[in-house]
Structures are given as C-alpha cells and as structure tokens.
Amino acid sequence: MSIVNWFLYGHDFFVLCSQHIINLLDVFIVNLLQFLFTIKDSIESQNISEELTELQTQYDVSRLELDKANLISRQQGIYIALISLLLVVLAGWLIHVYRILRITRHLKLNLETESRKAKESEKMKTIFMNSMSHEIRTPLNAIQGFSSIILSEEVEEDMKTEMKESIEQGITQLTNLMDDMMEISQLGCTNDMLPVGTVYIGQLCEECMIIETRKFRKPNTEYRIENQCISQTYQTNRQYLAKAICNLLANANKFTPQGSIILNCHENDTRSKLIISVTDTGPGIPPEKREWVFEAFTKIDDFIPGTGLGLYVCHEITKHLGGKIYIDSTYTEGTRMVIELPIG
C-alpha cells in the first residue's frame, strides 16, 4: 500500500473521526444545553417556589393581621355597644332622677302652696269670725236693747222713733250681711258664667240709686246719674249687676260725708264694652291698696262699720259676668270704681 493511499485512508479516517467527534460534540452540546436548561428550570422553579412560599407566608401573615384587625374591630364594636348601652342607661337614669326631682319639687311647691293657702284660710277664718262676731253682735245688741226700751211708756215718742230707726238699721245690716254671705257662697262654688238676659241699664241704675239714697241719703251730698249709653238694653244678669252697683253706691256713700256721688254708664269707643262707674269725693284709696281692697274681709278704716265683703262680692260678680272691676288711677279727687262688661 502506497503512502498516498495511507494518506488518503488517514485523511478519510480523520475526516470520519472528525465527523464523529463533531457529532459527539453536538450530542454533548445538546445534552449540555438540556442539562443547563433543566438546571435553569430547576433554579427558576426553586425561585418561583421560594417566591410562592414567601408570598404564601406574606398572605398568611396578612390574613392573620386581617383576622386580628377584624377581631380588634369586633371587640371595639362590642366595647362601643357596651359603652352606648351604659350611656343610654345612664341617660335614662338621669332622666328618671330629673323627673323624680321635678315631681318632688312640684309636690314641694304644691305642698307649700297648700300650706300657705291653709294658713291664709285659717287667717281668713279668724278674721271672718272676728268680723262676723262684731258685725252681728252690734246690730243684735241694738235690736235687743232698743226693743226692750221701746215698749216702755216712759220713753218719749221722739226717742221711740229714733230707736225704731236704729232697730230697722240693725235689721238692714244683718240682712245685707246674710245677703253677702249667700252671694259669696253661690259664686264661690262654681266657675260658670252667670245666666244673662235683656236689661234696661238706665232703669237699673235709677233703681239702684233710689234704693241707696232712700236708706242713707246725706244732706250735704249730691247724688247724680249720668246715662251716656247709646243703647238702652244689654245682655247681662240684672240681679247680680244690681247687687254690684248697689254695693259700690253704698261703699261710696259710706266714705263720702259731703260732696257728690255720680253713677255713670257708657260704652267704650269700639262699643265692645259696657262701662259703669261710681265716682265719689271721699278720701280715696291709697295706690298700694287698690288691688288689696277687692279681697275678702279687707277694710280701709276699721272704725267704720262694715264686713269688708262689699268690694269682694263686686269682684266675684263681675268675674262671673265675664268682666272686671278696678279703681281708676287717673281720678284723684276721691275714688272712682269702674266695672267693665263685654257687650254681646
């Protein structure tokens, strides 16, 4: 075999070996790449697993924190509910205590008011008994004393006439006293308005003036009626209004030794009220006693006979007629008593 053939054979063998080596390298490289990719995938899988584990851990931690937050929130809700309940209970208790204190205060005030009324009633009872004792005893003593003397033939006729007048005056005082007590009893037991009917006011004023002047006319006193009413008839209670007017005339006559007593009746500017006034020229009533005189058993002068019921009866009558009575403060030459009654 020649050298060329060996050379060619060696060349082919070399080429074949090279080819085989290249193939082996390709396989090696492919396997290497597969191995590397496998390692890479394993590493990436491990990284992903670690990341997933870390994420799971973070998720678990977050879940625990969320559960903890929810638990704290529920506990806070329970605390708030308990506090709210306690506040509601406290508020209810405070309201209850306030109501009890208010009721207690109201009862205390009522008790004080009733106690004051009881004391005033006891005081009025004492005043009433003292006044009635004096007002009844005085005319009764006169009636009893003069009745026994007037039958004696030794008494002159002039003296008998005076005694007879004294007896009649005592009887009149007792009758007026009983009338006042009856009026107070009837008016004091109800708050209803008095029944009304048609009344001729001018005629009523004349009758009242005649009644009072016939009994107690004073020679130095002028008695006058001024009827300025546009209408002559009004809806009111004739009996009780006459009683009030007579009381005012009697009161004026009692405190007016001389001068004038004027009974006036007119309507106000809007014709909504009937105004009746009794004006005298007596000593007048002090400003601080102008409300006080309308209370029961009140007397300006204790030395002047009277029960202290006349103006009180007038006040009760006007109240039950839907009107009012007062003293005109603008009149300064004596006293002017004014009765205002609604028209219609």
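Up top you'll find the structure we're talking about.
Reading the values: the criteria
Residues numbered from 1 in each chain as written. Predicted model: local features only at pLDDT ≥ 70, side-chain atom pairs only at ≥ 80, totals over all residues. Heavy atoms only, no water. Axes fitted to C-alpha atoms, helices over the stretch in contact; angles between N-to-C directions. Helix = DSSP H or I, 4+ residues; strand = E, 2+ residues; numbered from the N terminus. Parallel < 35°, antiparallel > 145°, perpendicular 65-115°, else oblique. Left-handed = near helix turned anticlockwise from the far one by under 90°. Contact = heavy atoms within 4.5 Å. Nonpolar A, V, L, I, M, F, W, Y, C, P; charged D, E, K, R; others polar. Patch = residues over 30% accessible without salt bridge, like charges linked within 9 Å, V, L, I, M, F, W, Y side chains within 5 Å. Areas by Shrake-Rupley, 256 points an atom, 1.4 Å probe, with all protein chains shown as cover. Salt bridge = Lys/Arg side-chain N within 4 Å of Asp/Glu carboxyl O. Buried < 20%, exposed > 50% of the residue type's maximum accessible area, 1.4 Å probe, protein only. Pairing = 2+ DSSP bridges.

### Notes on the packing of helix H4 (residues 238-254) against helix H5 (residues 310-320)
Item 1. Viewed as axis vectors pointing N to C, H4 and H5 meet at an angle of 150°, and their least axial separation amounts to 9 Å. In terms of their interaxial angle, H4 and H5 are classed as roughly antiparallel. Crossing angle aside, the handedness with which H4 passes H5 is left-handed. Residue-level contacts link Tyr240, Leu241, Lys243, Ala244, Asn247, Leu248 and Asn251 of H4 to Gly310, Leu311, Val313, Cys314 and Ile317 of H5.
Item 2. Among the residues forming the contact of H4 with H5, the class breakdown is 8 nonpolar, 3 polar and 1 charged.

### Re a nonpolar patch on the surface
Item 1. A surface patch of nonpolar side chains, about 840 Å² in accessible area, is lined by Ile78, Tyr79, Leu82, Ile83, Leu87, Leu90, Trp93 and Leu94.
Item 2. Position of leucine 82 among the secondary structure elements: in helix H1 (residues 3-150).
Item 3. Take leucine 82: its relative accessible area is 46%, and that puts it in the partly exposed class.

### Structural notes on the sheet that holds strand E5 (residues 273-280)
Item 1. Strand order in the open sheet formed by 5 strands is E2-E4-E5-E7-E6, with mixed pairing between adjacent strands. Every interior strand has two partners, whereas the edge strands, strand E2 (221-227) and strand E6 (324-327), have only one. Neighbouring strand axes in the sheet, compared pairwise and without regard to direction, differ in orientation by 10° on average.
Item 2. Where strand E4 (residues 259-267) lies against E5, 7 bridges are found, and the strand directions are antiparallel. When the sheet's bridge partners are listed, glutamate 267 is paired in E5 with leucine 274.
Item 3. Contacting E6 and strand E7 (335-342), H5 runs over the sheet at an angle of about 140° to E6.

Coordinates in, geometry out; function isn't part of it.
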